[in-house]
Amino acid sequence: KLFATKFSEQTLDEEMPSPPCDFKFGEFYKEFWWNAPFEGECKDAVQGDDCYKMAKWGKTEGIYSHPEYYPGLSESSTLQEFQQLLYMQRKEACPHRPCGIKMEGEAGDA
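Computed from a predicted model, the values in this text were never measured in an experiment. (Residues numbered from 1 in each chain as written. Predicted model: local features only at pLDDT ≥ 70, side-chain atom pairs only at ≥ 80, totals over all residues. Heavy atoms only, no water.)

Draft legend 1. A look at the overall build of the protein. Counting secondary structure elements, the protein contains four helices and zero strands. Walking the protein from its N terminus toward its C terminus, one meets helices and strands in the order α-α-α-α. The 110 residues of the protein split such that 22% are buried. For the protein, contacts bridging at least 24 residues in sequence account for 51% of all contacts bridging at least 6. When the accessible surface of the protein is summed, it comes to about 8,500 Å², and 54% of that surface belongs to carbon and sulfur atoms. (Helix = DSSP H or I, 4+ residues; strand = E, 2+ residues; numbered from the N terminus. Buried < 20%, exposed > 50% of the residue type's maximum accessible area, 1.4 Å probe, protein only. Contact = heavy atoms within 4.5 Å. Areas by Shrake-Rupley, 256 points an atom, 1.4 Å probe, with all protein chains shown as cover.)

Here is the structure:
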């Protein structure tokens, strides 16, 4: 009330409209909880392991049924690109980044 008395020309909080709820939590905070794409031990997913199964499902089914789970990827993305995203998203089944994807300008094996 003191503020309203001193600054009577200002709009009161209760008179202001509510802001739209357009905050995209996952996009805003992803840099804090995602793994860096080129840091950490590399190991390619191989047929039969859980990471391979998740990456394969993402490439063959998930990208069509839930494209929002795979930001930046498409049906033409490689299996290693799916593994890299799953690693970045800290999926338990994919604790290693793929070895075949290099940072631009990087040479040799990691």
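Draft legend 2. Just the packing of helix H3 (residues 50-65) against helix H4 (residues 79-88), in detail. Contact geometry of H3 with H4 gives a least axis separation of 9 Å together with a crossing angle of 110°. Looking at the two axes, H3 sits roughly perpendicular to H4. The hand of the H3/H4 crossing is right-handed. Touching Cys51, Tyr52, Met54, Ala55, Lys56, Gly58, Lys59 and Ile63 of H3 are Leu79, Phe82, Gln83 and Leu86, all from H4. (Axes fitted to C-alpha atoms, helices over the stretch in contact; angles between N-to-C directions. Parallel < 35°, antiparallel > 145°, perpendicular 65-115°, else oblique. Left-handed = near helix turned anticlockwise from the far one by under 90°.)

Draft legend 3. Structural view of the state of the cysteines. Throughout the structure, instances matching the rule amount to two disulfides. The disulfide partner of cysteine 42 is cysteine 99, and the gap between their sulfur atoms is 2.2 Å. Residues cysteine 42 and cysteine 99 are joined through a disulfide that is right-handed, its torsion about the S-S bond being 95°. You can see cysteine 42 sitting in the loop between helix H2 (25-33) and H3 and its partner cysteine 99 sitting in the segment after H4, a full 57 residues away along the chain. Between cysteine 51 and cysteine 94 runs a disulfide, and the two sulfur atoms are separated by 2.0 Å. Because the sign of the S-S torsion sets the handedness, a value of about 105° for the bond joining cysteine 51 and cysteine 94 places this disulfide among the right-handed ones. (Disulfide = S-S within 2.5 Å.)

Draft legend 4. Layout of H3. Remark: the principal bend of H3, roughly 50°, maps to glycine 58. For H3, the complete set of buried residues consists of Cys51, Tyr52, Ala55, Gly58, Gly62 and Ile63. Those residues of H3 hidden inside the fold are in contact with H4. (Bend = angle between axes of the 7 residues up to and from the residue.)

Draft legend 5. Highlighting the environment of proline 98. Structurally, the position occupied by proline 98 is in the segment after H4. A residue is classified by how much of its surface remains accessible, and proline 98, at 2% relative accessible area, is buried. For the pair proline 98 and glutamine 80, spaced 18 residues apart in sequence, the C-alpha to C-alpha distance is 6.0 Å. With sequence-adjacent residues up to four places away left out, proline 98 is seen in contact with Cys42, Lys43, Asp44, Gln80, Gln83 and Gln84.

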